[in-house]
Amino acid sequence: MKYFHGVEMTQERFIFSTPKDIFKDRKPLDTRTFIGTDEIIDRKKQIYELTMVMQRILRGSEAFVSVYGVSGTGKTALVCSMANEIVNQYSDFVKVCYICCQTNKTEYQILAKICEVFGYPHVPNNSSSFYGLLEKTLKAENKSLLLILDEVSLVDGKDLNSLLYNLHEISQNMFRENHHCVSGILISNDMRFLDSINGSVRSRLGENTIQFPAYNIAELWNIVNDRVEKAVYKAYLSELLLSKCTQSIGQNSGDARECINTINAVYEFLEYSDSKEITEELITQAYEKIKCDKYKGILLLLPKSLKISLLAVINTQDKNVSSVYNTYLMLCKGAKIPKLSFRRFHQFIDELEKTNLIKTCNISSGRHGMKRVIEMNVEDNIVRQIKEIVESTISVF
């Protein structure tokens with residue numbers, strides 16, 4: 001019998017199974033839910049440092065600060081929480097503009113977002129006209145501008161330099177005329193983005209940084225325990241689940257978002273399962289489903305040639321590139337698609353490595369020189385599921 005999201009699927013009809021009443025409020029286990037500063041746990045030092053920055057901005061002074069740390073450490077949550085408090089209490093003094101650079105990677109796109117905040121009908125034809133208009137508007141309204149750039153490492157280095165330089169110039173002009181200033185908070189998972197900023201721009205802005213370290217096991221426990229108690233009924237609280245998730249993620253990534261999502265997925269899995277309580281087997285099944293769903297989304301988007309290349313890696317015991325390429329040629333013949341050159345196959349391997357499904361390394365073969373070795377970058381049980389998914393989407397024999 002097959003099930004899809006709690007629905008028993010037969011040829012005649014769909015039979016909806018009744019989920020268990022586990023959740024009293026799903027929001028605490030939804031990482032998209034906005035939380036206040038008082039709900040952010042184990043970030044006292046960072047809260048204090050950001051509070052100092054916000055006080056400078058409210059006094060009308062300039063403040064540019066870089067906030068960095070690995071994914072899921074509370075950077076965006078804390079910055080946006082404080083920015084929201086400023087919007088609610090001090091909107092007469094400060095204009096806040098939050099921009100996610102995942103979808104706004106150029107100077108023009110960022111300027112267009114700022115135009116939306118200020119209600120400009122369109123972006124001026126050239127950037128110098130825009131900066132002049134922005135300065136004029138801020139002076140007329142006698143307000144500070146707080147620009148928050150999230151995922152700023154994705155912005156092209158040249159565009160970022162131009163943006164920060166011009167904003168600093170506006171800020172300096174306003175300061176000389178006793179107006180409020182322009183400030184910026186740059187959020188990134190990668191501290192190396194500072195290397196793309198010119199030395200002259202960095203010296204003007206200062207070297208102010210706030211670091212968010214990865215959460216340890218105890219801190220993850222505090223975070224998820226608080227959320228789980230708010231989200232599920234007492235009968236379904238499980239120390240086993242919290243212990244396994246916090247230990248696994250705390251020892252690896254320290255990502256609170258990943259930990260919350262994993263626990264939420266286990267409870268959603270429990271809703272429609274036959275089990276009445278959380279067991280180690282249920283946790284393992286839920287974890288495998290999360291992993292499989294993640295990779296299934298990637299696999300379905302891959303073109304047929306890349307799928308066959310991945311299948312060649314899985315089916316080859318000797319993982320050097322030449323042996324994998326020979327397997328690839330056999331699979332191409334079975335699938336009746338044109339085979340590609342060895343050089344082009346190398347490029348396919350590079351593209352697959354970017355998906356994090358495989359990893360490669362160069363090892364020495366003595367007098368035969370170096371050879372490139374390919375390995376799967378996921379657990380064996382996930383590899384089997386990936387193979388089934390790939391084989392179901394292509395016909396190789």
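Residues numbered from 1 in each chain as written. Predicted model: local features only at pLDDT ≥ 70, side-chain atom pairs only at ≥ 80, totals over all residues. Heavy atoms only, no water.

**Student:** Help me get a handle on the overall build of the chain, residues and values and all.
**Tutor:** When helices and strands are counted, the chain shows 14 helices and 10 strands. Taking the principal axes of the C-alpha coordinates as reference, the chain spans close to 75 × 60 × 50 Å. Taking the intrachain contacts of the chain between residues at least 6 apart in sequence as the baseline, contacts between residues at least 24 apart amount to 68%. Of the roughly 21,700 Å² of accessible surface on the chain, a fraction of 49% belongs to carbon and sulfur atoms. A gap of 6 Å separates the mean positions of the 49 positive and 48 negative side-chain charges of the chain. (Helix = DSSP H or I, 4+ residues; strand = E, 2+ residues; numbered from the N terminus. Contact = heavy atoms within 4.5 Å. Areas by Shrake-Rupley, 256 points an atom, 1.4 Å probe, with all protein chains shown as cover. Lys, Arg positive; Asp, Glu negative; His and termini not counted. Charge placed at Lys NZ, Arg CZ, Asp CG, Glu CD.)

**Student:** Outline the environment of Ala-63, supporting the account with residue identities and numerical values.
**Tutor:** Structurally, the position occupied by Ala-63 is in the loop between α1 (44-58) and β4 (64-68). Placed 297 residues apart in sequence, Ala-63 and Thr-360 show a C-alpha to C-alpha distance of 43 Å. Setting aside its immediate chain neighbours within four residues, Ala-63 contacts Val-53, Arg-56, Ile-57, Val-182, Ser-183 and Gly-184.

**Student:** With reference to specific residues and values, describe helix α5 (residues 157-176).
**Tutor:** Compared with the 28 Å implied by 1.5 Å per residue over 20 residues, the 29 Å span of α5 between its first and last C-alpha is a close match. Residues Gly-157, Asp-159, Leu-160, Asn-161, Leu-163, Leu-164, Leu-167, His-168, Ile-170, Ser-171 and Met-174 constitute the buried set of α5. Close packing links the buried residues of α5 with β4, α3 (107-118), α4 (127-141), β6 (144-150), β7 (182-188) and α6 (199-205). Where α5 begins, the capping side chain belongs to Asp-156, and its oxygen is found 3.2 Å from the backbone nitrogen of Lys-158. Count one or two residues on from α5 and you reach Asn-178, which has phi positive near 60 degrees. (Expected span 1.5 Å × (residues − 1). Buried < 20%, exposed > 50% of the residue type's maximum accessible area, 1.4 Å probe, protein only. Polar contact = N/O pair within 3.5 Å; in protein donor to acceptor, adjacent residues only side chain to side chain.)

**Student:** Break down the pattern of salt bridges for me, citing the residues and quoting the values.
**Tutor:** A full pass over the atoms with the stated rule returns 13 salt bridges. Here Arg-32 makes a salt bridge to Asp-30, at a shortest N to O gap of 3.1 Å. Judged by its relative accessible area of 72%, Arg-32 is exposed. Close ionic contact of Arg-204 with Glu-169 constitutes a salt bridge, the shortest N to O distance being 2.8 Å. You can see Arg-204 sitting in helix α6 and its partner Glu-169 sitting in helix α5, a full 35 residues away along the chain. (Salt bridge = Lys/Arg side-chain N within 4 Å of Asp/Glu carboxyl O.)

**Student:** Describe in detail the layout of surface pockets, supporting the description with residues and values.
**Tutor:** Gaps between atoms show up when a probe of the same size as a water molecule is rolled over them. By volume, the second largest pocket amounts to about 840 Å³. If you go around the second largest pocket, you meet 33 residues; those closest to its centre are Thr-31, Ile-35, Ala-77, Arg-227 and Arg-257. At the level of secondary structure, the elements contributing two or more residues to the lining of the second largest pocket comprise α2 (75-90), α7 (217-231) and α9 (256-272). With 5 residues, α2 is the single largest residue contributor to the lining of the second largest pocket. Looking at side-chain class alone, the lining of the second largest pocket contains 13 nonpolar, 10 polar and 10 charged residues. (1 Å grid on protein atoms, 1.4 Å probe; cavity = no way out; pocket = protein on both sides within 12 Å on 5 of 7 lines; lining within 4 Å. Points joined across faces, edges and corners; volume = space filled by probe spheres on them. Nonpolar A, V, L, I, M, F, W, Y, C, P; charged D, E, K, R; others polar.)

**Student:** Which residues make up the environment of Met-191, and what values go with them?
**Tutor:** Checked against the element boundaries, Met-191 lands in the loop between β7 and α6. For Met-191, a relative accessible area of 26% gives the class partly exposed. Taking the C-alpha atoms as reference, Met-191 lies 40 Å from Lys-24; in sequence the two are 167 residues apart. Contact partners of Met-191, with chain neighbours within four places excluded, come to Tyr-68 and Thr-209.

**Student:** Could you give an account of the pairing of β7, with specific residues and numbers?
**Tutor:** Counting buried residues along β7, 7 of its 7 residues qualify, which places the element largely inside the surrounding structure. Burial along β7 is two-sided: Val-182, Gly-184, Leu-186 and Ser-188 facing one way and Ser-183, Ile-185 and Ile-187 facing the other are all buried. Summarising the sheet, β6 and β7 pair through 5 bridges and their orientation is parallel. Of the residues in β7, the one forming a bridge with Leu-145 is Val-182. Once you follow β6 into α5 and on to β7, the crossover reads as right-handed. (Pairing = 2+ DSSP bridges. Right-handed = clockwise from strand over helix to strand, strands pointing away.)

**Student:** Kindly report on the nonpolar core, identifying the contributing residues and their values.
**Tutor:** One finds Leu-299, Ile-308, Leu-310, Tyr-328, Ile-358, Met-376 and Ile-386 to be the most contacted residues of the largest nonpolar core, which totals 34 residues. Those elements that provide at least two residues to this core are α10 (280-301), α11 (304-315), α12 (321-335), α13 (342-354), β10 (370-376) and α14 (380-393). If sequence neighbours within four positions are ignored, Tyr-328 has contacts with Ser-305, Ile-308, Ser-309, Ala-312, Pro-338, Lys-339, Leu-340, Phe-345 and Phe-348. (Core = buried A, V, L, I, M, F, W, Y, C linked by side-chain atoms within 4.5 Å.)

**Student:** Can you tell me about α11, naming the residues and giving the values?
**Tutor:** In this model α11 runs 16 Å from its N-terminal to its C-terminal C-alpha over 12 residues, within 8% of the 16 Å that 1.5 Å per residue would give. Those residues of α11 that fall on the buried side of the exposure criterion are Leu-306, Lys-307, Ile-308, Ser-309, Leu-310, Leu-311, Ala-312, Val-313 and Ile-314. Against α10, α12, α13, β9 (358-364), β10 and α14 lie the buried residues of α11.

**Student:** How would you summarise the side chain of Ser-188 if you had to cite specific residues and measurements?
**Tutor:** As for its placement among the helices and strands, Ser-188 is situated in strand β7. For Ser-188, a relative accessible area of 1% corresponds to the buried category. Side-chain polar atoms of Ser-188 contact the backbone oxygen of Asp-190, separated by 2.9 Å. Once residues lying within four places of it in the same chain are set aside, the contact partners of Ser-188 are Val-67, Tyr-68, Gly-69, Lys-75, Val-152, Ser-153 and Phe-193.

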